[in-house]
Each structure stands twice: as C-alpha cells, then as structure tokens.
Amino acid sequence: MTTDKNRALYGPAVSQTIITLIASWLMASTVMNLINWNTPSYFSLENAGLEGLLPLLLFWITFTGLLLLIVRKASVRAKGIDIAGRLLFMSWILLALSAMQRFVYLVPAASFLLVNLTSLMLARGIFFSALRKRQLPDMTLCLFGLLMIIINLLVIPWEDAVASLFSGASLDTVIPFVVICIALILALVIIINVKSDSFNKGRMVTVVAITAMLIQVFLSGRILYARFETLSTPTYDFNLFAQMFHNMAETFKPVTTLERNTLLSHFRIHLSPVYYLMLPFFTLIRTPATLNVLQAVIVGSGMVPMVLIARHFRLEAGVQMAFSIIYLFSAALMTSGFYDLHENCFLVPFLLLLILAIEKRNRPGMLIFTLLTLSVKEDAALYVWTLSAFIIFERKMVREGLAMLFTSGAYFIGAVRYLNRFGEGAMTGRFEKLIGVPEWSLLAVPYAVVRNPGFILSKVLAREKLGYIIQMLSPLGFMPLFTRKLSRWVLIVPFLLMNLMVDYQYQYDMRFQYNYGSYVLLLYMALLFVKDQADAAEGSREGKANKASGFSRIAISFLMATAISSGILVSSIYLAAYEHYPRMLEANKDTLTSMKHAMDEIPEGSSVLATCYLTGYLSDREAIYDIDYNLEGSTYFKADYIAIDLRPAYKGDHESIVPMFLSDGYEILTMEEDEILILKR
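A quick note: this is a predicted structure, and the numbers were derived from the prediction, not measured. (Residues numbered from 1 in each chain as written. Predicted model: local features only at pLDDT ≥ 70, side-chain atom pairs only at ≥ 80, totals over all residues. Heavy atoms only, no water.)

How do you make sense of the overall build of the protein chain when you look at a structure like this?
Regarding its fold elements, the protein chain presents 30 helices and seven strands. Looking at the protein chain residue by residue over its 681 residues, the buried ones come to 54%. (Helix = DSSP H or I, 4+ residues; strand = E, 2+ residues; numbered from the N terminus. Buried < 20%, exposed > 50% of the residue type's maximum accessible area, 1.4 Å probe, protein only.)

The structure is reproduced here in structure tokens:
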C-alpha cells in the first residue's frame, strides 16, 4: 500500500518498520474483536479505557515480532516487492471482516464500503502485480480483498441507502439528474483536455481564477448580506460579534454583553486576536453587514495562494483553471459561512499561504503565516501541528517542522491556560465521548484510537455523517484518498478529529464554520496527487511517454470533471436553500424598512433588551441583552427599551410576556402588527 518513493523518503528500514507496526496493531485489534465477538457493545466508549489494554499490547508485540521476521526473510527472497505493504493490506482485510457484522448495526454499510474501496484503491499495485506475475500470495490477497467488498455489498440495505443519499427522491427525479451529471462530467473532460495556444496561456489562468473568485464572493456574499438586512441573523453567533465590533471600534476592546449575558471579553471564550484585521474595514463601513460580506471576501481571497501553489507545482494551465473552478464550487468554502461570521474563515487564506511558504521553503513566510494561523483560534494549532508533521516526514524540513510544532504547541498550551484561568475554560467538552480515561483529558483521544479502532470507526462512519463525507470529498473528486504515500495521510487528521470523530452535529454540517481548515488540507492533498501524476507523466521514458501521459491525462481530467460537477451539485443545493433571503429582502422591503425605522427611534446611548433576531441591528450600544437568555422567571435586566419581533416566522411566544413588562412600568412606544413592538421604560 506504499510506493517506492515513500520508502526512499523515510529510508527502507524506517518505512518498513512503521508500516509493519501499523499492520501488527490492526491484527492485534482483529484478535480483540474476535475475543469480544459476543459483546454487542464492544465498539463503545466503555471499551476505550484501560481495561483490555494488556492483552492488546501482548498481541501487538507478538504480531510485531512475527511480521518483522516475515518482512526480513521475505525481503531477501523477493527483492523489490513491498512485503510490509502487503501485510498491511492483509491486516486491514482481517480487521474489516471481523468488524463487518457489528458495523451493520452501528454504522451504515455504505459508509464502510467507502473505506474498504479506498483500501483497495491504495493497494492497486498489488492487483496490478497479481495480473502481471500471477503469484499466489498476491492473487490470494486480491481474492480476499474482493471478498471483503462483496460481503460489504451484500449487507447494504440498498433501498435505505438510496433514500438516505437522495433524501427520499423518486427514481423519476434521480435518474435524469444522474444523466445530467454524467453528461457534464464528459463535457468537462473534453474541455479540460482541449489544447489551444490562447487557452493554455498563463494570462488566461489569471482571468479564470479572478473571475471564479469574484463569482464565489458574489454568490455567498449576497446571501450573507441579505441575512443581516432581513433581520435574520441570530444573537448566537453573529449579533454578538456585531456588538463586539462596535465596542472594538469605540474602545478597542472586544467586549460584549450578548455572549454570556454580562459584560465580558470575547477573548475569554475564544482567543481570536485575528478579528482586529477586520476592524479597519468595519470602521470604514460601519454596519454589521460589512462583517458578513467581508467573510466571503476573506474566503474568496484564498484563490490567489491556491493558484500560486498550482503554478509552483508546474501544473498545466488547463489544470490550474480546473482547480480554480473546483475552488469556486467547493461547498465547504462557499457555504460554511451560511451561519454568518466566524473567525475560522481566516483559516482558508492563512493555511494556503502557509502551504505556499512551505513549498517555496520560505522561512520568514512560514513564521508569519504560522503566527497568523494561530491567531485565528486556540484550536487552530491542530492545523499547524498537522503541517509540521507533514513537512518533517514528507519534505525532510526537520528544523522548520519542529519550530512550527513547538511554536504552535507553546501557543496552544498558553491559550488553554489563559482560558482556564481568566476565561470560561477551553471548550474540550465536545470530545468527552471520545475520552475513555478521564484523568488523561484530551490525551485519551489518540489513546482511544489505538485501544479500540472499531469504536473510532463507529464514530467516523456514523449514519448521519455519510452524506457529509461525500459532500466534503466529492467536490475534490475523492482525490485526497488516492495517495499511497503514508506521510500524506497525516493531512487528513483534522478532518477526522475535528469533523468526524465528534458527536457535535454542527462540526459535520456544511453550513457551519468547522469545515474551512479541514477542507484546505484536503484540497492540498488533491493538488499533491495531481502533481505526482504530472511528474510521473513527465518523467516517463520516451517510448512510454505517450501511453503513460495519455492515461494520466484522461484519468486526472475525469477526476477533476467529477470534482467540478459534484461541487456544482452540492453548492447549488445549498445556494437554492438559502436563496429565500435575497428574495425576502426584496419582497419584504416595506416591512423591514418600517421595523428598522422604529428601531432607529431608540437613542444610541440607551440600553436595550431585545429578541434574538433584533439584537444585531441594535448592537451599536454598550448594553444590549437577549430576552431569551436574560429572562429568568420574572427577573430580567431593566433596560431603557425593549424590542420584540412580531413577525410570524420570528416572534415565538414573546407576546405572552408583554403584560409582565407593562406591569413593571414599561409603556408602548411603537406597535406595528406582525412587525415589531417597542416598549419604553
């Protein structure tokens, strides 16, 4: 499952040893699965603790010694054959077969099929070898691999799987849709392979990239702008940021009364000094809508370093343009801001600029963009750790990698200590269901992976995450899964840890901000894969150049066409779902104007108690509170004014508490039916 390049990178002995250790761990885990065959709850948190660790270690040590002996003996007899890679593939097959029956009840078999197909794809060298040389060990491995897929296919409830993927759509709807996608893919394959002097000029790449960037900013920016202007942004999380920026513009302090129902610095919740980079633009155009639109601009700006990376890789102009279109229609970039402003949007340009600095071996750039990435949020250190591990093992940039690792580690530890001592504490609760040894805190998470991989797989492949996995990977043509270099797979760790291993539903939702960092690293994996294919085609001997190049060109073109068509599909679905905001802005213009005019009557220095969707428009003041979070029984902050949203789709049951306010001495200042109620103290 590895390549000669991978072995050369680490050194044959080190590479073979690492792969053998992984294979022996999978075999030991297989034995533990079989021992606990009659324990239905084995793939659960209670079996990710210290109990059972000793037998796992004993099996692991035993298999390690046995497999190392096999690798040593077999390597002498079969020179040039990747024995360790074959043992790794065999161990995965055994683990998959031992877990298959239990997974039927825990996760959708379709999710597990995706993983098993990936393992076959990574082991494609073994299949090619079996076809060419017809050696019994390789042929046996191939047969067992196919058996694994057949069993997996048999246990899939296809009717439920299709209904889940297409949300219950009928075949009359699905079939034409699939036909259109296939036609689009074929058309894109032809376009990508067009050879034209004007088409292949660098100037054309620049035009396409800038146009794609502007289109993406427009498509997402108009929705984000409309969300605020239609008074549809909630207190959590956008409106509290609107008040925070008002206070930053006035006092340079990131304080807000909305976030925790008291005057508090946002930096006691999350350490995000990066917000100060947005402050000049907010000061220039003093409206919260600026923040939402600016988020779209920030994400779109990542197009520039992405194209520069592709150019540094010497990819053909057509491929660079294709990646520009892939970036344009990446739902993880376009729709992850649909729950309004979050600091995570900065991860897109910062990580891409950090990657560009790494590829160019630009040490000052690596330092600058490492620090900027860390300034986004305390957990941004995860992405820096991932890249530092990557450059240590893949690029042999040991000094630079260790510097990034220690810098990000020190920052993370300092940030967590600051939050625990002066703030609300680091938000580690989302990983609680992965911690089988409470005393170890977050260190128990990687331990759980080693102790019970079946438990982690049950989390990653949970039923509700299948659609999310496809929506993240299909706009990249699943290219991140094609790499056979072991060192590359470290780049997928944030996707697993931040998005798939947790149960917090918003972290595996395409509309929320948690996708940005993970997707950038997946995009990097796709770029690296295409670069490898281009390098392989260029390095082919003259007699094989046309054949190798032709196959590589068609295959890569097909993958990129699949990525573009999938991106268009996924993005269009979400854009259509949020199109009602721009429409609402036009259709309800009179109502919104009337409501805003009524709120404009509230003096700027007055304190306000307001319902969720009105706090953003009224955020330009020191004291504003959300009724839903402030009101406890009959106790609430006695603000100068109270603003209540009466729109049928927004009002909730707030009208029922109006008599209480009136009895406390408030009087009606403005009352517009089905619009807004403003009370004055």
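Next, the rest of the story.
I keep staring at a nonpolar patch on the surface and nothing clicks. Help me out?
Nonpolar side chains collect at one region of the surface, where Val398, Leu402, Leu405 and Phe406 lie side by side and expose about 340 Å² of accessible area between them. Turning to its location among the elements, Leu402 is positioned in helix α20 (residues 398–422). (Patch = residues over 30% accessible without salt bridge, like charges linked within 9 Å, V, L, I, M, F, W, Y side chains within 5 Å. Areas by Shrake-Rupley, 256 points an atom, 1.4 Å probe, with all protein chains shown as cover. Salt bridge = Lys/Arg side-chain N within 4 Å of Asp/Glu carboxyl O.)

Whenever I open this one, the packing of aromatic side chains confuses me. Can you help?
Each aromatic ring pair is characterised by the separation of its centres together with the angle its planes make. In total, this model carries 28 aromatic pairs according to the counting rule given. Summarising the aromatic geometry, the rings of Phe245 and Tyr275 are spaced 5.7 Å apart at their centres and angled 90° between planes, so their arrangement reads as edge-to-face. Residue Phe245 is located in helix α11 (residues 235–251), and its partner Tyr275 is located in the loop between β2 (264–265) and α12 (279–284); the two are separated by 30 residues in the primary sequence. Here the aromatic rings of Tyr339 and Phe512 are separated by 4.8 Å at their centres, their planes lie at 40°, and the arrangement is tilted. Linking Tyr339 in the loop between α16 (331–334) and α17 (347–359) with Phe512 in the loop between α24 (493–500) and α25 (516–538), this pair joins segments that are 173 residues apart in sequence. Take Tyr339: its relative accessible area is 26%, and that puts it in the partly exposed class. An aromatic cluster is built from Tyr339, Tyr504, Tyr506, Phe512 and Tyr514, whose rings are joined through pairwise contacts. The ring of Tyr581 carries Arg227 above its face, with NZ or CZ at 5.1 Å from the centroid. Positioned over the ring face of Tyr650 is Arg647, at 3.8 Å from the centre of the ring. (Phe/Tyr/Trp six-rings, centres within 6.5 Å; stacked < 30°, edge-to-face > 60°. Lys NZ or Arg CZ within 6 Å of the ring centre and 35° of its normal.)

Honestly, the confidence of the model for the protein chain in this entry has me stumped. Any pointers?
Reading predicted coordinates in detail is not appropriate for stretches of low pLDDT. In the predicted model, the protein chain carries a mean pLDDT of 88, and 88% of its residues have values of at least 70. Ignoring residues within four places in sequence, the model shows residues 1–10, a span with pLDDT below 50, making 33 contacts including any to other chains. (pLDDT = per-residue confidence, 0-100. Contact = heavy atoms within 4.5 Å.)

Looking at this structure, I do not really get helix α19 (residues 381–393). What am I missing?
Since there are 3.6 residues in each turn of an α-helix, residues three or four apart along the chain are aligned in direction. Taking 1.5 Å per residue as the helical rise, α19 with its 13 residues ought to reach 18 Å, and the 18 Å between its terminal C-alpha atoms agrees with that figure. Counting buried residues in α19 gives 10 out of 13 residues, a clear majority hidden from the surface. Along its buried surface, α19 packs onto α17, α18 (363–374), α20, α24 and α25. (Expected span 1.5 Å × (residues − 1).)

Mind showing me how you'd approach the packing of helix α21 (residues 444–451) against helix α22 (residues 453–460) here?
Relative placement of two packed helices is described by the angle separating their axes and the distance separating the axes. Look at α21 against α22: their axes get within 5 Å of each other, and the N-to-C directions meet at 110°. By the criterion of interaxial angle, the relationship of α21 to α22 is roughly perpendicular. Between α21 and α22, the residues in contact are Ala448, Val449, Val450 and Arg451 and Pro453, Phe455 and Ile456, respectively. In terms of residue class, the contact of α21 with α22 is made up of six nonpolar, no polar and one charged. (Axes fitted to C-alpha atoms, helices over the stretch in contact; angles between N-to-C directions. Parallel < 35°, antiparallel > 145°, perpendicular 65-115°, else oblique. Nonpolar A, V, L, I, M, F, W, Y, C, P; charged D, E, K, R; others polar.)

How do you make sense of the side chain of Thr335 when you look at a structure like this?
Mapping Thr335 onto the fold places it in the loop between α16 and α17. Here Met510 takes part through its backbone oxygen, which lies 3.0 Å from a polar atom of the side chain of Thr335. (Polar contact = N/O pair within 3.5 Å; in protein donor to acceptor, adjacent residues only side chain to side chain.)

I'm lost on the environment of Glu432 in this one. Help?
Its location among the elements puts Glu432 in the loop between α20 and α21. Judged by its relative accessible area of 55%, Glu432 falls in the exposed class. In this structure, the C-alpha to C-alpha distance between Glu432 and Val445, residues 13 residues apart in sequence, is 8.9 Å.

Explain the packing of helix α14 (residues 303–312) against α17 here, please?
Packing of α14 against α17 leaves a shortest axis separation of 9 Å and a crossing angle of 20°. The pairing of α14 with α17 is recorded here as roughly parallel in orientation. For the crossing formed where α14 meets α17, the hand is left-handed. Taken together, the residues of α17 that come into contact with α14 (itself represented by Pro305, Met306, Leu308, Ile309 and His312) are Pro349, Leu352, Leu353, Ile355, Leu356 and Glu359. (Left-handed = near helix turned anticlockwise from the far one by under 90°.)

Help me understand α20 in this model?
The first and last C-alpha atoms of α20 sit 35 Å apart over 25 residues, in line with the 36 Å expected at 1.5 Å per residue. Looking only at α20, the buried set comprises Glu400, Gly401, Met404, Ser408, Gly409, Ala415, Val416 and Leu419. Here the buried face of α20 lies against α17, α18 and α19.

Just checking my understanding: could you explain the sheet that holds strand β6 (residues 667–672) for this structure?
The pairing of strands in a sheet happens through backbone hydrogen bonds and is either parallel or antiparallel. The five strands lie next to each other as β4-β3-β5-β7-β6, forming an open sheet whose pairing is mixed. In this open sheet, the two strands that pair with only one neighbour each are β4 (624–626) and β6. Adjacent strand axes in the sheet meet at a mean angle of 15°, parallel and antiparallel pairs treated alike. In this structure, strand β5 (residues 641–645) lies alongside strand β7 (residues 676–680), joined through five bridges in antiparallel fashion. The residue bridging Ile644 from the neighbouring strand is Leu677, located in β7. (Pairing = 2+ DSSP bridges.)

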